[in-house]
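# Residue-level structural notes
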Amino acid sequence: MSTVLISVMMVITGSINTISTKLADISKSKNSEGDVVAFDHPFFQAACMFIGEFCCLLVYKIVQCRRARLERLASGGSSELRYTQIQNQDVAQAARHNWSPLIFLLPAMCDMCATSLMYIGLSWTYASIFQMLRGAVMIFTGIFSVFFLGRKLGKHHWLGMVIVMSGLALVGVSSVLSPSNGAQASNPLGGIVVIVCAQIVQATQMVVEEKFLTKYEVAPLQAVGFEGLWGFLLMSILLVPFYYIPGNTTGGKLENAIDAFVQIGNSYVVMGAVIGNVVSIGFFNFFGITVTRRISATTRMVLDSVRTLVIWMFGLAVGWEKFQYMQAIGFPLLIIGMFVYNGTIKIPGVTEVIEEGSGEKQGEDREEEGSFAGDGDFGLNGDKQQQQQQQQQPHEVVDHGESFRQEDQKKQPGWV
């Protein structure tokens, strides 16, 4: 598949994810009490999103099985094991591969809280406002990295954060000043507050990931999949007590998952929107990771900005929202601020040159792959480490954490 097609598919699937979620929110269907009401089930939708992320783990396993099969065929069907010479660096590298799926539990809990809050906020405000406000995660991630990771931010980081904050202020004000558009934006101000709170939680997730997960060698698809698995299990458990907590959904519940299934069965539009959410998030993560590997994390950030523009244009075209000039000013500021923060736009005397391999440089790579990935996706620098290993040792094949040294396919003395 060509790089251009993969980039286009990333934008399309990412846009479909937000649009389908919003479509489900504003669509009406007959509930379990016989009333035709809007599909108001943010926690249920969060659980569905985690199913999409879990699909990434299935894709990873399928790819691994296919590669193992091709390796067996390449070796003539021999089942003889290949070994790696034991060296000090190999022992240290082996420790990076020895991890438990439980390491994703804490990030999954953060992801679950952030996703639930974002879906609540999306149901209260416009889809474009929702997508633009997600840029606030960069600000909180930068601040948290200073306090909890001991990172020193450069002048261009702080300038980029100020520019992004200015853009977010304009976008937020435009949403509040614009008249409420019924089901499309029943509570714009409340939606803004909830979405911003979600970005604080998501920034916490990214700091936790960098603090505890970067010490391990984990394939990105595998990491997303395990987070999806834990997120789905946790949310599924929480849906049970949510059913008995007083709330605003059908039957006076905080979340009524049973009613959600009833409404899905009574409306093809709601059913299509929920399925679209599940499928699109899985493909979006897959294409996003592929873009990062084949091109760069900066390109992925640019494409995610295009995705925001597509969602905004779609909302205007179908009448979900009206054009606001303050939003038109705020959106470019968000993009410019992100580019300044990441050093894509270099300002003389402000943009600092960071040496390759420094902790701050790795932090920027982490934020590029994580902060702007969105929708539950994050990077663990695994791709970059694998590329560096391949460049340093061309004769070594690195396959998602499994290293094999090929030397005429023979065992050598001193190998185990």
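The following paragraphs examine the structure supplied in this document.

Criteria and thresholds
Residues numbered from 1 in each chain as written. Predicted model: local features only at pLDDT ≥ 70, side-chain atom pairs only at ≥ 80, totals over all residues. Heavy atoms only, no water. Helix = DSSP H or I, 4+ residues; strand = E, 2+ residues; numbered from the N terminus. Buried < 20%, exposed > 50% of the residue type's maximum accessible area, 1.4 Å probe, protein only. Contact = heavy atoms within 4.5 Å. Areas by Shrake-Rupley, 256 points an atom, 1.4 Å probe, with all protein chains shown as cover. Axes fitted to C-alpha atoms, helices over the stretch in contact; angles between N-to-C directions. Parallel < 35°, antiparallel > 145°, perpendicular 65-115°, else oblique. Nonpolar A, V, L, I, M, F, W, Y, C, P; charged D, E, K, R; others polar. Salt bridge = Lys/Arg side-chain N within 4 Å of Asp/Glu carboxyl O. Left-handed = near helix turned anticlockwise from the far one by under 90°. Core = buried A, V, L, I, M, F, W, Y, C linked by side-chain atoms within 4.5 Å. Phe/Tyr/Trp six-rings, centres within 6.5 Å; stacked < 30°, edge-to-face > 60°. Lys NZ or Arg CZ within 6 Å of the ring centre and 35° of its normal. Expected span 1.5 Å × (residues − 1). Polar contact = N/O pair within 3.5 Å; in protein donor to acceptor, adjacent residues only side chain to side chain.

We now examine the overall build of the protein chain. Across its full length, the protein chain carries 15 helices and five strands. Residues classed as buried in the protein chain amount to 52% of the 416 residues present. If you take every contact in the protein chain between residues at least 6 apart in sequence, the share linking residues at least 24 apart comes to 79%. When the accessible area of the protein chain is evaluated, it comes to approximately 18,800 Å², of which 65% is carbon and sulfur surface.

Okay, the packing of helix α7 (residues 155-177) against helix α8 (residues 188-212) next. As a packed pair, α7 and α8 sit with axes 8 Å apart at the nearest point and diverge in direction by 150°. The angle between the axes of α7 and α8 places the two elements in the roughly antiparallel class. From α7, Gly172, Ser175 and Val176 reach across to α8, where they touch Pro188, Leu189 and Ile192. By residue class, the composition of the contact of α7 with α8 is four nonpolar, two polar and no charged.

On inspection of all chains with the given rule, the structure shows two salt bridges. Close ionic contact of arginine 151 with glutamate 210 constitutes a salt bridge, the shortest N to O distance being 2.2 Å. Residue arginine 151 is found in the loop between α6 (136-148) and α7, and its partner glutamate 210 is found in helix α8; the two are separated by 59 residues along the sequence. With relative accessibility at 12%, the residue arginine 151 sits in the buried group. With relative accessibility at 15%, the residue glutamate 210 sits in the buried group. Here aspartate 304 ties to arginine 307 by a salt bridge, and the two come within 2.9 Å at their closest N and O atoms. Of this pair, aspartate 304 and arginine 307 are both found in helix α12 (residues 297-317), three residues apart, which corresponds to roughly one turn of the helix. The residues aspartate 304 and arginine 307 share a single accessibility class, namely buried.

With their axes 9 Å apart at the nearest point, helix α2 (residues 42-74) and helix α4 (residues 105-124) run at an angle of 130° to one another. Here α2 is positioned oblique relative to α4, judged by the angle of their axes. When the axes of α2 and α4 are compared, the crossing they make is right-handed. Contacts between α2 and α4 pair Pro42, Phe43, Gln45, Ala46, Met49, Phe50 and Glu53 from the former with Ala108, Asp111, Met112, Thr115, Ser116, Tyr119 and Ile120 from the latter. For the contact of α2 with α4, the residue count by class is nine nonpolar, three polar and two charged.

Ranked by internal contacts, the top residues of the largest apolar core, which has 38 residues, are Leu133, Val164 and Leu168. Residue contacts for leucine 168: discarding those within four places in its chain leaves Met132, Leu133, Ala136, Ile139 and Leu334. Counting 31 residues, the second largest nonpolar core, distinct from the first, contains Ile6, Ala46, Val194 and Met235.

Our next topic: the packing of aromatic side chains. Inspection of the entire model under this criterion finds 13 aromatic pairs. One aromatic cluster is present, formed by Phe39, Phe44 and Phe261 through successive ring pairs. Over the aromatic face of tyrosine 243 sits the side chain of lysine 253, whose NZ or CZ is 4.4 Å from the ring centroid. Lying over the aromatic face of phenylalanine 284, arginine 307 brings its terminal NZ or CZ to 4.5 Å of the ring centre.

On to the environment of leucine 153, then. As for its position among the elements, leucine 153 is in the loop between α6 and α7. Taking C-alpha positions, leucine 153 is 9.7 Å from tyrosine 341, a pair spaced 188 residues apart along the chain.

What follows covers helix α11 (residues 268-294). Owing to its 3.6 residues per turn, the α-helix aligns residues three or four sequence positions apart on the same side. Taking 1.5 Å as the rise per residue, α11 with 27 residues should run 39 Å; its terminal C-alpha atoms sit 38 Å apart, in good agreement. Backbone nitrogen of valine 269 and a side-chain oxygen of the N-cap are separated by 3.4 Å at the start of α11; the cap is serine 267.

Within the secondary structure, threonine 125 sits in the loop between α4 and α5 (127-133). Owing to a relative accessible area of 0%, threonine 125 belongs among the buried residues under this scheme.

Before going further, it helps to spend a moment on the environment of tryptophan 158. With respect to the secondary-structure elements, tryptophan 158 resides in helix α7. For tryptophan 158, a relative accessible area of 41% corresponds to the partly exposed category. On a C-alpha basis, the gap between tryptophan 158 and valine 350 in space is 9.8 Å, while along the polypeptide they are 192 residues apart. Those residues in contact with tryptophan 158 that lie beyond four places of it in its chain are Val146 and Leu153.

As for its placement among the helices and strands, asparagine 31 is situated in the loop between β1 (28-30) and β2 (36-38). Within the structure, the side chain of asparagine 31 is placed 2.9 Å from the backbone nitrogen of glutamate 33, a separation counted as a polar contact. Once residues within four sequence positions are removed from consideration, asparagine 31 is found in contact with Val37, Thr250, Asp259, Val262 and Gln263.

Here we take up the environment of serine 32. Inspection of the secondary structure puts serine 32 in the loop between β1 and β2. A relative accessible area of 46% means that serine 32 is categorised as partly exposed. Here the alpha-carbon distance between serine 32 and glutamine 263, two residues 231 residues apart in the chain, equals 7.4 Å.

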